[in-house]
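Working through the structure, step by step
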Amino acid sequence: MQDLHTFRPKGHVDFVGAGPGDPDLLTLKALIAFEQADIVLHDRLISAAVLDLAGQNANLVDVGKAGFGPSWKQSDIDALLVEYALKGNHVVRLKSGDPTVFGRLDEEIQAVEAAGISWQIVPGITAASAAVASIGQSLTRRGRNSSVRFLTGHDMKGFADHDWTALAREGSVAAIYMGKKSARFIQGRLIMHGADRATPVTLVENASRPNQRILATTLDQLPTDLAAAEMDGPALTFYGLAPREAAQAVTEFNKELA
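Only a predicted model underlies this, so the values are computations on that prediction, with no experimental measurement involved.

1. What about the packing of aromatic side chains?
Going through the model one piece at a time under the given rule, you end up with 4 aromatic pairs. On the numbers, 5.9 Å between centres and 80 degrees between planes, the contact of Trp 164 with Phe 185 is edge-to-face. You can see Trp 164 sitting in helix α6 (residues 164-167) and its partner Phe 185 sitting in helix α7 (residues 183-192), a full 21 residues away along the chain. Taken together, the aromatic side chains of Phe 102, Phe 150 and Tyr 177 make up a single cluster linked through ring pairs.

Right under this line is the structure:
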């Protein structure tokens, strides 16, 4: 494979998806970029097992963000990407899951392009894919739902608003990212728009990781059960899906083997 340093005097930026946390779920292309990196700017949700795969000479820089908490400013991350790349470095911007899903990717690409720096996107397995696999379900199913919505629980303005009327219809399925703190808000909006209180809701904490946990509840009990579970890790919320019993048994079996 050709050495990137021989033909990119300005450096280069790879926007890499780190997947949900299990290092075995990294793509081969992501691993190659990771191993060749001089600088790795990574999110706070990247697992230690994934970071351990970085090249020996890579400089790891935590530029993590936290919802409603202390965070790096996006403009500072953009500036750091450009600064490192203009010095001739192969920079990997490592994002949890897939960089194209709620990853502020466009802003970072625009900053890199404006500086005349080459870049590429290396897709990763998004949290919804890993989490739904852990509960033995499909995001879509004939006769139930022909579409699935990927939602964020909050945005820069606070709790995110959505088409609650459409979501409240029977058979709707949604994968909600960053939905723990907005659980009561989401519950209220859905019930207000006619959703069945008995609609299944499943939360998967630390999807694909050894400390993965699954919480099966209903829309009616969502805030209560979530508070009782005391989840402090990243969680994906599925509205309209319940785990299969067989999948739950496999999860417990895998924990015993770990």
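2. Considering the sheet that holds strand β5 (residues 118-122)
Strand order in this open sheet of 5 strands is β3-β2-β4-β1-β5, and the pairing throughout is parallel. Single-partner strands in this sheet number two, and they are β3 (59-62) and β5. Strand-to-strand twist in this sheet, taken as the mean axis angle between neighbours without regard to direction, amounts to 20 degrees. In terms of strand pairing, strand β2 (residues 39-42) meets strand β4 (residues 90-95) through 4 bridges, oriented parallel. Each bridged residue has a counterpart across the sheet, and for Val 40 the counterpart in β4 is Val 92. Sitting on the sheet, helix α3 (residues 74-86) is in contact with β1 (12-17), β2, β3 and β4, with an inclination near 150 degrees to β4.

3. Quick word on helix α1 (residues 28-36)
Structurally, the α-helix is built with 3.6 residues per turn, so residues lying three or four positions apart point the same way. Those residues of α1 that fall on the buried side of the exposure criterion are Ala 30, Ala 33 and Phe 34. Looking down the long axis of α1, one finds its buried residues gathered within 100 degrees of arc, a one-sided arrangement.

4. Section: the sheet that holds strand β12 (residues 235-239)
Taken in spatial order, the 5 strands of this open sheet run β6-β9-β12-β10-β11, and their pairing is mixed. Strands with a single pairing partner mark the edges of an open sheet, and in this sheet they are β6 (149-152) and β11 (213-218). Strand-to-strand twist in this sheet, taken as the mean axis angle between neighbours without regard to direction, amounts to 20 degrees. Against the sheet, helix α5 (residues 127-134) makes contact with β6, β9 (174-177), β10 (200-205), β11 and β12, and its axis sits at roughly 70 degrees relative to β12, the strand it touches most. Where helix α8 (residues 222-229) meets the sheet, its contacts fall on β10 and β11, and the angle it forms with β11 comes to roughly 155 degrees.

5. Side note on the pattern of salt bridges
Inspection of every chain in the model, using the stated rule, returns 7 salt bridges. In this structure, Glu 108 engages Arg 93 in a salt bridge whose closest nitrogen and oxygen atoms are separated by 3.1 Å. You can see Glu 108 sitting in helix α4 (residues 105-114) and its partner Arg 93 sitting in strand β4, a full 15 residues away along the chain. Relative accessible area serves as the criterion here: at 0%, Glu 108 is assigned to the buried category. On the basis of relative accessible area, Arg 93 is assigned to the buried category, the value being 2%. Here Arg 104 ties to Glu 107 by a salt bridge, and the two come within 2.8 Å at their closest N and O atoms. Residue classification places Arg 104 among the partly exposed residues on the basis of a relative accessible area of 29%. The exposure class of Glu 107 is partly exposed, given its relative accessible area of 33%. The network of salt bridges with shared partners includes Asp 43, Arg 93, Lys 95 and Glu 108.

Conventions adopted
- Each chain has its residues counted from 1, running along the sequence as written.
- Whole-chain, interface and lining totals are the exception, using all residues; otherwise, since this is a predicted model, local features are given only for residues with pLDDT of at least 70 and side-chain atom pairs are given and counted only at 80 or more.
- No hydrogens and no water enter the side-chain calculation; it runs on all heavy atoms of the structure.
- Aromatic rings from Phe, Tyr and Trp, with only the six-membered ring used for Trp, were paired whenever their centres fell within 6.5 Å, and each pair was classed as stacked if the ring planes differed by under 30 degrees, edge-to-face if by over 60, and tilted otherwise.
- Starting at the N terminus, helices and strands are each numbered in turn, a helix being any DSSP run of H or I of at least four residues and a strand any DSSP run of E of at least two.
- Pairing between two strands is assigned when DSSP locates at least 2 bridges connecting them.
- Axis definition: a line fitted to C-alpha atoms, limited for helices to the stretch in contact. Angles are taken between N-to-C directions and run from 0 to 180 degrees.
- Two residues form a contact once any of their heavy atoms are found within 4.5 Å.
- Summary of the burial criterion: residues with accessible area below 20% of their type's maximum are buried, those above 50% are exposed, and those between are partly exposed, where the area comes from a 1.4 Å probe applied to protein chains only.
- For this quantity, the arc is that covered by the directions from the helix axis to the C-beta atoms.
- Put simply, a salt bridge is a Lys or Arg side-chain nitrogen that is within 4 Å of an Asp or Glu carboxyl oxygen.

Honestly, it's all geometry; don't read function into it.
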